[in-house]
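Coordinate analysis (summary)
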Amino acid sequence: MIPVLTPEAFLNIPNVTVLLLMRNQIEVIQPGAFKGLRNLRWLLMQNNHLKELNMTVLEDMPSVEVLDLTENRLTRLGALPALERLFWLGLGKNRITRLTKSTFKELSSLEVLILNNNVIEEIEESTFDSLGKLLELDISHNRLKFLKPKLFYKLKNLNKLDLQGLDIQNIDIQMFHPLTELKFIYFKKFLYCSYAPYVRICSPKTDGLSSTEHLLVFPALRMSVWFVALMTCAGNTLVLSWRVLSRKEDKVLSLFIKNLAFADLLMGIYLVAIGAQDLSFRDSYNKYAHAWMTSNACNACGILAMVSSEVSVLILSLITIERHRCIRTNVRVITISGARFCCVVVWIIGFILALIPIFQWSEEKGFYSSNGLCFPLHIDDAYNLGYQYSAFIFFGINFPAVMLIIFLYASMFITIKRDRESARPVILKKHEDTVLAFRFFFIVLTDSLCWIPIVIIKLLALAGVTISHNLYACVVVFILPINSALNPLLYTIAAPTELRRKIEKWFAKSDNMVAKI
């Protein structure tokens, strides 16, 4: 072990070209320690205990080309001397906190600069201005939150830029625009890739929903979006059309169901819009990702999905409350005028909840721009912009609403089971209590399958648990729209409505005709 390098320690070996001083617990390099090493080209000093480095000691090595000071304990750097042949400089895994405009000013020949795994909090804007030949820059895994807007402007020849582990709060597409030769860039978040649209290789390549090539990353995901969208649109269009045309249905319940169907139809339209955008961006999504996510169209899609989600859950709550009161009192409490007023209030609330983020976060990185699907679940990045509002929506509105629905349906079934004759204005047919139990069960099940998993996943994400990209995709494409797709079946087609009776009669006639043939 060599804790101290004394002056003129290598004076008598002038022809040395490579000097290996790794893992020697060196703490101090005294002035003149490298005197005489005029021909030294490689100096490798990684994994020592250097806390400070007097930069004048490097002046004695004018021919040095590679300087590796990785894994030391350096806390600050002075201005490095003019080392005209130095092309590779390793300063990773130290404790450097700040870089100034003078740090690398004299290193005009530098091609590779490694600064990863330090504790850098600030880099002055002109720090890299003199590094015109730089090909590779690694400042990953530091404490940088903001990058100066023109930090990389003079790096015209840069091929590779590593920014992994950095939460760049002021990231902007103009930051990387001058880097015309950049071929590889590495970020902490896939979202950041949209700010470097013309870089050939960007990592991470996906967030589970999108990739640098496609808005919807997997073929199965693309097919599923269209399947769920078409099923949602077809089912709710059928229900809406029937309820509008039918004159024999309960007017109050029919009004609620029509509003529910229209709200769920919006979710289907949202999925169709996302599927269409996926087709238009096929194989070149990252080139258009930033423009898409910051567009009014993306905001409109996000608003559409949010309105659909919130109005749907609130209408379901209204239907449940109305049914519960009817069963408990044996009297229709709400009038058609009252029902219309409730529906208007619900839609107003839905639009207010969806529009608040537009006014609250009006800057370029908006609330609905957290992913290519324009729906801010805040699962892949739990603490992204507006995460408090997202948490309020899911924990403060949707989850309590679902728990209310579960509780009231359980109460209804217990009431009916206890006293079937007095609990309802009509007498139940044979086995109808069993059928009713199954209907109630599936209504509660679909609500639970939609919202409870989302709430659990969001809680895990807020607790710091890494959520699988595949699970994130399932939430957006399958779990979130499940109510919108199944509500038509539960509230109209499978319910004892006029539509169901007509369908049953049609099937009965078809069976008779087949039997006669």
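Residues numbered from 1 in each chain as written. Predicted model: local features only at pLDDT ≥ 70, side-chain atom pairs only at ≥ 80, totals over all residues. Heavy atoms only, no water.

Check the secondary structure of the protein chain and you find 11 helices and 13 strands. Taken as a whole, the protein chain presents about 24200 Å² of accessible surface, with 61% of it coming from carbon and sulfur. (Helix = DSSP H or I, 4+ residues; strand = E, 2+ residues; numbered from the N terminus. Areas by Shrake-Rupley, 256 points an atom, 1.4 Å probe, with all protein chains shown as cover.)

Here Ser484 shows up in helix α10 (residues 482-493). Between the C-alpha atom of Ser484 and that of Thr232, which follows or precedes it by 252 residues, the distance is 6.1 Å. Not counting residues up to four positions away in its chain, the partners in contact with Ser484 are Thr232, Asn236, Asp264, Met267 and Ser308. Reaching out from Ser484, the side chain makes a polar contact with the side chain of Asp264 at a distance of 3.3 Å. (Contact = heavy atoms within 4.5 Å. Polar contact = N/O pair within 3.5 Å; in protein donor to acceptor, adjacent residues only side chain to side chain.)

The bulk of non-glycine residues show a negative phi, and the bulk of peptide bonds are trans. The linkage connecting Ser203 with the following residue, Pro204, adopts the cis geometry, with an omega of 0°. Within the element layout of this structure, Pro204 appears in the loop between β13 (201-203) and α1 (219-245). Its identity is not glycine, yet Cys374 carries a phi of approximately 60°, on the positive side.

Within this structure, the stated rule accounts for two disulfides. A disulfide bridge connects Cys193 with Cys202, and the sulfur atoms are separated by 1.9 Å. Across the disulfide from Cys193 to Cys202, rotation about the S-S bond amounts to roughly -90°, and the bridge is consequently left-handed. Neither Cys193 nor Cys202 differs from the other in exposure class; each is buried. A sulfur-sulfur distance of 1.9 Å marks the disulfide that ties Cys298 to Cys374. Between Cys298 and Cys374, the S-S dihedral sits near -120°, and the bridge is therefore left-handed. (Disulfide = S-S within 2.5 Å. Buried < 20%, exposed > 50% of the residue type's maximum accessible area, 1.4 Å probe, protein only.)

In this section: the sheet that holds strand β2 (residues 18-20). Taken in spatial order, the nine strands line up as β2-β4-β5-β6-β8-β10-β11-β12-β13 in an open sheet, and their pairing is parallel. Looking at the sheet topology across the chains shown, the edges are occupied by β2 and β13. Averaged over all pairs of adjacent strands, the angle between their axes in this sheet comes to 5°, without regard to strand direction. (Pairing = 2+ DSSP bridges. Axes fitted to C-alpha atoms, helices over the stretch in contact; angles between N-to-C directions.)

It is worth spelling out the pattern of salt bridges at this point. Per the stated rule, a full pass over the model turns up seven salt bridges. Note that Arg98 is salt-bridged to Glu122, the shortest N-O span being 3.1 Å. Here Arg98, found in strand β7 (residues 98-99), pairs with Glu122, found in strand β9 (residues 122-123); they are 24 residues apart in sequence, far enough to count as distant. Residue classification places Arg98 among the partly exposed positions, given a relative accessible area of 37%. Between Arg98 and Glu124 there is a salt bridge, with its nearest N and O atoms 2.7 Å apart. Within this pair, whereas Arg98 is found in strand β7, its partner Glu124 is found in the loop between β9 and β10 (136-138), the two being separated by 26 residues in sequence. A single network of salt bridges, built from pairs that share partners, joins Arg98, Glu122 and Glu124. (Salt bridge = Lys/Arg side-chain N within 4 Å of Asp/Glu carboxyl O.)

Taken together, the side chains of Val344, Ile348, Ile352 and Ile356 make up a nonpolar region of the molecular surface, amounting to roughly 340 Å² of accessible area. For Ile352, the location among the structural elements is in helix α5 (residues 336-360). (Patch = residues over 30% accessible without salt bridge, like charges linked within 9 Å, V, L, I, M, F, W, Y side chains within 5 Å.)

Close contact between helix α2 (residues 251-280) and helix α4 (residues 296-329) brings their axes to 8 Å; oriented N to C, the two are set at 155°. By the angle between their axes, α2 is roughly antiparallel relative to α4. For the crossing formed where α2 meets α4, the hand is left-handed. Of the residues assigned to the contact of α2 with α4, the class counts are 20 nonpolar, four polar and three charged. (Parallel < 35°, antiparallel > 145°, perpendicular 65-115°, else oblique. Left-handed = near helix turned anticlockwise from the far one by under 90°. Nonpolar A, V, L, I, M, F, W, Y, C, P; charged D, E, K, R; others polar.)

Using the residue numbers shown here, the UniProt feature "transmembrane region" (unreviewed entry) corresponds to residues 225-245, 257-277, 297-321, 333-359, 391-416, 436-464 and 470-493. From the first C-alpha to the last, residues 297-321 spans 36 Å; its make-up is 100% helix and 0% strand. Secondary structure within residues 391-416 divides into 100% helix and 0% strand; the distance between the first and last C-alpha atoms comes to 36 Å. (UniProt positions renumbered as here; feature names shortened; annotations may be inferred.)

Turning next to the packing of aromatic side chains. For the structure on display, the rule yields 15 aromatic pairs. Centroid distance Phe152 to Phe176: 6.1 Å. Interplanar angle 20°. Geometry classified as stacked. In this pair, Phe152 is assigned in the loop between β10 and β11 (160-162) and Phe176 in the loop between β11 and β12 (184-186), connecting sequence segments 24 residues apart. Of the two residues, Phe152 and Phe176, both sit in the buried class. Centre to centre, the rings of Phe394 and Trp451 are 6.0 Å apart; their planes meet at 50°, and the pair counts as tilted. (Phe/Tyr/Trp six-rings, centres within 6.5 Å; stacked < 30°, edge-to-face > 60°.)

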